[in-house]
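Chains, contacts and geometry: an overview
Spelled out from the first residue to the last, the chains are:
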Amino acid sequence: MEQNLENQYLDYASWKKTNEKLLNTLVKNNSKIIARFRYVLMVVDYLFDQVVFEKKKLSIEEEECFEVGYQYLFDRFNTITLIAEHVFNNNYDAMEHYAKSINLLFYIIDFEDEIDSLDGDHKAEHKKFADLEDNVMQMIESKIQVPDEYYALVDDISLAVFDGLGIDYYGITDIFYDIAIELGLIEEDDDDYYDIFDQLS
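In this report, we go over the structure that sits alongside the text. (Residues numbered from 1 in each chain as written. Predicted model: local features only at pLDDT ≥ 70, side-chain atom pairs only at ≥ 80, totals over all residues. Heavy atoms only, no water.)

Where two aromatic rings form a pair, the distance of their centres and the angle of their planes describe that pair. Per the stated rule, a full pass over the model turns up 21 aromatic pairs. Pairing Tyr12 with Phe66 gives two aromatic rings, centres 5.6 Å apart and planes at 75 degrees, and the pair type is edge-to-face. One end of the pair, Tyr12, is in helix H1 (residues 2–18); the other, Phe66, is in helix H5 (residues 60–86), with 54 residues separating them in the sequence. On the numbers, 5.1 Å between centres and 70 degrees between planes, the contact of Tyr39 with Tyr177 is edge-to-face. Here Tyr39, found in helix H4 (residues 38–52), pairs with Tyr177, found in helix H10 (residues 172–182); they are 138 residues apart in sequence, far enough to count as distant. (Phe/Tyr/Trp six-rings, centres within 6.5 Å; stacked < 30°, edge-to-face > 60°. Helix = DSSP H or I, 4+ residues; strand = E, 2+ residues; numbered from the N terminus.)

A separate point is the packing of H5 against helix H7 (residues 99–116). Between H5 and H7, the shortest axis-to-axis distance is 12 Å and the interhelical angle comes to 140 degrees. What the angle tells us is that H5 and H7 run oblique. Seen from above, H5 lies across H7 with right-handed handedness. Where H5 approaches H7, its residues Tyr72, Arg76, Thr79, Ile80 and Ile83 are matched on the opposing element by Ile102, Leu105, Phe106, Ile109, Asp110 and Asp113. In the contact of H5 with H7, the residues fall into 7 nonpolar, 1 polar and 3 charged. (Axes fitted to C-alpha atoms, helices over the stretch in contact; angles between N-to-C directions. Parallel < 35°, antiparallel > 145°, perpendicular 65-115°, else oblique. Left-handed = near helix turned anticlockwise from the far one by under 90°. Contact = heavy atoms within 4.5 Å. Nonpolar A, V, L, I, M, F, W, Y, C, P; charged D, E, K, R; others polar.)

All quantities given are derived from atomic positions and should not be read as evidence of function.
Here it is, written out as structure tokens:
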């Protein structure tokens, strides 16, 4: 178990090195794309530093937090990399122009992941989000901004699906925002918290 944990932290260091240019560019440009992952990165980096530099042993909850956060970043940045390469030819400025649309895509994927994590057969609910994901991805690939009405549609569908399942949706980015507060990494009501649904006029 200890060896696996060590490997996991080495993997994270390697992942950050591999994605260094993308991460640095998004941070330097104050990207709205990376704003959504700010607290996940912050918490995972903090836990990584505790193990690697402070030589501290994490609690089971902290270890799980690191694993969940790292896996989430790994998956989402794979998608960002694919979009950057195949749609925008690694032109990060051009990609940033579609940041709101890309963030909507990630909200939908988060909803999909939540459905997939539930016990039982939820194929109908999964398909609703999969169809939304396909539509938004097609717009991004065609370099079409997702219209504001679509955000309302995604919001309505997600509320209906989770209400229908009796679930209070609590997303990864919200969870890590709260963890960052608990760890004292940020103040409550941090001004940098970014939610595309709050950006709609």
